[in-house]
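Read off the chains here:
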Amino acid sequence: MKERTILSIFIAMIWLTSCVTNKKQFGQTIIENTVDTTFSKQEILRIRSIDNNVFDTATFLGIEQIEIKYRLFTPKQKSKVKYPLVIVYHGSGAIGTDNKSQLGLLQKLFASPEIQAKYPAYVLAPQFPTRSSNYAIDTVRNVLRSKSSPCLNSVLQLIDSLKSNLNIDSSRIYLIGFSMGGSTVINSLFARPELFTAGISIAGIPQFDNTQILNNIPIWLIHGIDDTENPINSDEQFYKEMDSRIRFWKLKATTHDNIFSALILGETLPKWLFKQKKTKIK
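Residues numbered from 1 in each chain as written. Predicted model: local features only at pLDDT ≥ 70, side-chain atom pairs only at ≥ 80, totals over all residues. Heavy atoms only, no water.

Caption draft 1: Summary view of helix α7 (residues 233-241). By the burial criterion, the buried members of α7 are Ser234, Asp235, Gln237 and Phe238. Seen end-on, α7 carries its buried residues on one side only, within an arc spanning 160°. Where α7 is buried, its residues contact β7 (143-148), α6 (180-191), β10 (219-224) and β11 (246-251). (Buried < 20%, exposed > 50% of the residue type's maximum accessible area, 1.4 Å probe, protein only. Helix = DSSP H or I, 4+ residues; strand = E, 2+ residues; numbered from the N terminus. Arc of directions from axis to C-beta. Contact = heavy atoms within 4.5 Å.)

Caption draft 2: Region of the structure containing the side chain of Asp235. Here Asp235 shows up in helix α7. Side-chain polar atoms of Asp235 contact the side chain of His223, separated by 2.7 Å. Among all residues touching Asp235, those that are not within four sequence positions of it are Gly204, Pro206, Leu221, His223 and Phe248. (Polar contact = N/O pair within 3.5 Å; in protein donor to acceptor, adjacent residues only side chain to side chain.)

Caption draft 3: Fine view of unusual backbone geometry. With a phi angle near 55°, Ala203 is a residue other than glycine that sits in the positive phi range. Here Ala203 lies in the loop between β9 (198-202) and β10. For Asn210, which is not a glycine, the phi torsion comes out positive at approximately 50°. Relative to the helices and strands, Asn210 resides in the loop between β9 and β10.

Caption draft 4: Spatial organisation of the environment of Gln65. With respect to the helices and strands, Gln65 occurs in the loop between β2 (56-61) and β3 (67-73). Once the C-alpha coordinates of Gln65 and Ser154 are considered, the two residues, 89 residues apart in sequence, prove to be 8.1 Å apart.

Caption draft 5: The arrangement of the sheet that holds β9 in detail. The 9 strands lie next to each other as β1-β11-β10-β9-β8-β4-β5-β3-β2, forming an open sheet whose pairing is mixed. Looking at the sheet topology across the chains shown, the edges are occupied by β1 (27-31) and β2. Each neighbouring strand pair of the sheet contributes to a mean axis angle of 20°, computed without reference to strand direction. Relative to β9, strand β8 (residues 168-178) is paired through 5 bridges, and the arrangement is parallel. Directly across from Ile176, in β9, lies its bridge partner Ile200. Across the sheet, α6 touches β4 (83-89), β8, β9 and β10, and the angle it forms with β8 is around 140°. Against the sheet, α7 engages β1, β10 and β11, with an angle of about 150° to β11. (Pairing = 2+ DSSP bridges. Axes fitted to C-alpha atoms, helices over the stretch in contact; angles between N-to-C directions.)

Caption draft 6: Layout of the pairing of β8. The buried count for β8 comes to 10 of 11 residues, which makes it a mostly enclosed element. Pairing of β4 with β8, which is carried by 6 bridges, proceeds in the parallel orientation. Bridge pairing links Tyr89 to Gly177 in β8. Taken together, β8, α6 and β9 constitute a β-α-β crossover, and its handedness is right-handed. (Right-handed = clockwise from strand over helix to strand, strands pointing away.)

Caption draft 7: The arrangement of the nonpolar core in detail. Judged by nonpolar contacts, the single largest core of 39 residues is most densely connected at Tyr89, Ile159, Ile219 and Phe238. For this core, the leading source of residues is helix α5 (residues 150-165), giving 7 residues. Beyond its immediate sequence surroundings of up to four residues, Ile219 is in contact with Ile186, Leu189, Gly199, Leu214, Phe238, Met242, Arg245, Ile246, Arg247 and Trp272. Residues Phe73, Phe178, Ile202 and Ile259 belong to the second largest nonpolar core, which totals 38 residues. (Core = buried A, V, L, I, M, F, W, Y, C linked by side-chain atoms within 4.5 Å.)

Here it is, written out as structure tokens:
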């Protein structure tokens, strides 16, 4: 009887710990806006000042014959060690073919020496020659929805190619993007749910087709409540229709253009992403 009681208590403790962990990882949180300090502004400038040349340059031609320019950061490697792959999608302001405009704050954050020291990974920064996601009103929900364009298929083919040719850990392939790039994170998860481990969409517009296929993929939505460019109500609807594996940060007094602050820089994003791992690769 005593052994059964101890076992019951042990099981209950595990269950409670799991509940607390899930509550921290997932769910909706409204966050007060914090005034940017001089330190955080300097930190943003420091990240932006990282040399573009830490990324190699390359070009990929997919089945659709759409040429994709991209940059790739390669971690300092140890023999026989597989590394995660972080794909960072840019916003609409970086559309083009110069193969440098897409190297913004998020791309350089994940390639920075401080983050690589704790979270070594390949960092892929593709540049879309046209919009990767387009928006229209969802007449059923009365919110904006996104739809991917053919150039995204070429980037997905690029990811498959890198996965086959580099020392990438297939259980840890992560997505993150801002604005149009945040929308493209969600589009990519819908297109290839078996490929990706987790995704972070910052100020994006989701799609709503067959949301149940994403039920087992951890997703983090970050959106400014005062965003008028990509209104938050689309993400609110997406969160409402999804299962419990959604983390949703709603940032008070935050617009589309001032969403990046000390609150979500530093280790905040990589720490959460790198906790996520597929238990089974299809």
